[in-house]
Amino acid sequence: MTETTDAVGARPPRTGVPPSKRAHRAASPGGRRRRGGGMLRRLTPWLFLAVPLALLITFTYVPVGNMIYFSFTDWDGVSPDRNFTGIDNYRQIFTRPELFRVFFVSGYYLAASVVQIVVALYFATVLSFDLRFRNFFKGILFFPYLINGVAIGFVFLYFFQDGGTLDSVLSWFGGEPDHAWLGDPTSANTSLAGVSVWRFTGLNFVLFLGAIQSIPGELYEAAELDGASRWQQFRHLIAPSIRPVLSLSVILAVSGSLAVFEIPYIMTSGATGTSTFVIQTVKLAFQFNKTGLASAAAVVLLLIILLITWIQRRLVPDERVDLV
């Protein structure tokens, strides 16, 4: 005689563990350990991020917050008294010509940034192909970026001085000796911008070279089989692939042009119309004891860089490039 079923003829579902035992296991120490282990796994990434986040907040966001607060005061950097002045510091920056004029000096360095990007892109493209002594030329191009900025400033200070190295070389070709390269604003800013080109071309060169070398070699072989010239390979293969790196280089160039400090400070100390925005800010804070006004200038510089970066990202958004 067979085993009877329920009224509808369906057997009860088979489970490996009865409900009472499952509840018991969930309440057992082993179940609690499993839940605790899952929580620990979720907290592990935050535990690793705790120290970097603490350092970032302590040495970046807290100083920026203090700088914004100081920009609304007349603090001199020493006295404990900090009188609230509202937007008076910002009004001075945009209404006093001697404070706002330094922005025009950045135009020299912005033009120099365009030159260094073009030069770096050219050499990165050329040296990405199979050429003799290409590793040697890579080292030559990247070497200036490894030198300390203070040392570069002193080297080129003697290079541009009256009767110095540049005048001696030009005299061999009939040039005018004893030219005051750092004596007037135009030639001084042009000379300083040229030094920045010599120093920072290597950084852009390495960025472009790394992006170009990440392109699969099969694509170059396919382009050569199709009869593509070097220019066509650059236009249709290399240029689209390095667009994100090129966008990054433009952002770095613009921000670097506005925040130039080392080279002009070492070579001229901001004299003869070569004072940059950062040099002026440092002098306001530590030479004239106007920390509130200097903080406002730093906030304006930060906002300008963020605005330019946002505009650049809107005009040239990052696009995913599928090469294969």
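Residues numbered from 1 in each chain as written. Predicted model: local features only at pLDDT ≥ 70, side-chain atom pairs only at ≥ 80, totals over all residues. Heavy atoms only, no water.

Chemist: Can you walk me through the overall build of the protein chain in this structure?
Modeler: Summing up its helical and strand segments, the protein chain has 15 helices and zero strands in all. Nonlocal contacts in the protein chain, meaning residues at least 24 apart in sequence, comprise 64% of its contacts between residues at least 6 apart. Taken as a whole, the protein chain presents about 20800 Å² of accessible surface, with 66% of it coming from carbon and sulfur. (Helix = DSSP H or I, 4+ residues; strand = E, 2+ residues; numbered from the N terminus. Contact = heavy atoms within 4.5 Å. Areas by Shrake-Rupley, 256 points an atom, 1.4 Å probe, with all protein chains shown as cover.)

Chemist: Got a minute to help me understand the pattern of salt bridges in this structure?
Modeler: Working definition: two side chains of opposite charge can pair if their charged atoms are close together. Applying the stated criterion to the full structure yields three salt bridges. Between arginine 91 and aspartate 88 there is a salt bridge, with the nearest N and O atoms lying 2.5 Å from each other. Of this pair, arginine 91 and aspartate 88 are both found in helix α3 (residues 88–95), three residues apart, which corresponds to roughly one turn of the helix. Among the ionic pairs, arginine 199 bridges to glutamate 262, the shortest N-O distance being 2.7 Å. Placement of the pair is arginine 199 in helix α9 (residues 185–213) and glutamate 262 in helix α13 (residues 262–267), with a sequence separation of 63 residues. The buried category is assigned to arginine 199, whose relative accessible area is 11%. (Salt bridge = Lys/Arg side-chain N within 4 Å of Asp/Glu carboxyl O. Buried < 20%, exposed > 50% of the residue type's maximum accessible area, 1.4 Å probe, protein only.)

Chemist: Help me out: how do you make sense of the packing of helix α12 (residues 243–258) against helix α15 (residues 291–315) in this one?
Modeler: In a pair of packed helices, the angle between the axes and the distance between the axes together describe the arrangement. Two numbers describe how α12 lies on α15: the axes approach to 10 Å, and their chain directions differ by 160°. As summarised for this structure, α12 and α15 are arranged roughly antiparallel, according to the angle between their axes. Once α12 is placed against α15, the crossing between them reads as right-handed. Seen from α12, the contacting residues are Ser247, Val250, Ile251, Val254, Ser255 and Leu258; seen from α15, they are Leu301, Ile304, Ile305, Ile308, Thr309, Gln312 and Arg313. Partitioning the contact of α12 with α15 into residue classes produces eight nonpolar, four polar and one charged. (Axes fitted to C-alpha atoms, helices over the stretch in contact; angles between N-to-C directions. Parallel < 35°, antiparallel > 145°, perpendicular 65-115°, else oblique. Left-handed = near helix turned anticlockwise from the far one by under 90°. Nonpolar A, V, L, I, M, F, W, Y, C, P; charged D, E, K, R; others polar.)

Chemist: In this structure, what is going on with the packing of aromatic side chains? I would like to understand it.
Modeler: The geometry of an aromatic ring pair comes down to the distance between the two centres and the angle between the two planes. Within this structure, the stated rule accounts for 15 aromatic pairs. Residues phenylalanine 156 and tryptophan 198 carry aromatic rings whose centres are separated by 5.2 Å and whose planes lie at 65° to one another, so their mutual orientation is edge-to-face. On the criterion of sequence distance, the pair formed by phenylalanine 156 in helix α7 (residues 149–160) and tryptophan 198 in helix α9 is long-range, its members being 42 residues apart. For phenylalanine 156, a relative accessible area of 12% gives the class buried. Overall, tryptophan 198 belongs to the partly exposed group, its relative accessible area being 38%. A connected cluster of aromatic rings, assembled from ring pairs, spans Phe156, Phe159, Phe160 and Trp198. (Phe/Tyr/Trp six-rings, centres within 6.5 Å; stacked < 30°, edge-to-face > 60°.)

Chemist: Is there a simple way to explain α15 in this structure?
Modeler: Because an α-helix completes one turn every 3.6 residues, residues spaced three or four positions apart along the sequence face the same direction. Here α15 spans 36 Å end to end across 25 residues, near enough to the 36 Å set by a 1.5 Å rise per residue. Of the positions making up α15, those classed as buried are Thr291, Gly292, Leu293, Ala294, Ser295, Ala296, Ala297, Val299, Val300, Leu301, Ile305 and Gln312. (Expected span 1.5 Å × (residues − 1).)

Chemist: In this structure, what is going on with the confidence of the model for the protein chain? I would like to understand it.
Modeler: Should the pLDDT be low somewhere, the predicted coordinates at that spot are not to be read in detail. Scored by pLDDT, the protein chain has a mean of 81; 85% of the residues are at 70 or more. Per-element confidence in the protein chain ranges from a low mean pLDDT of 50 for helix α1 (residues 19–27) to a high of 91 for α9. A low-confidence stretch, residues 1–10 stays under pLDDT 50, and its non-local contacts, those more than four residues away or across chains, total zero contacts. (pLDDT = per-residue confidence, 0-100.)

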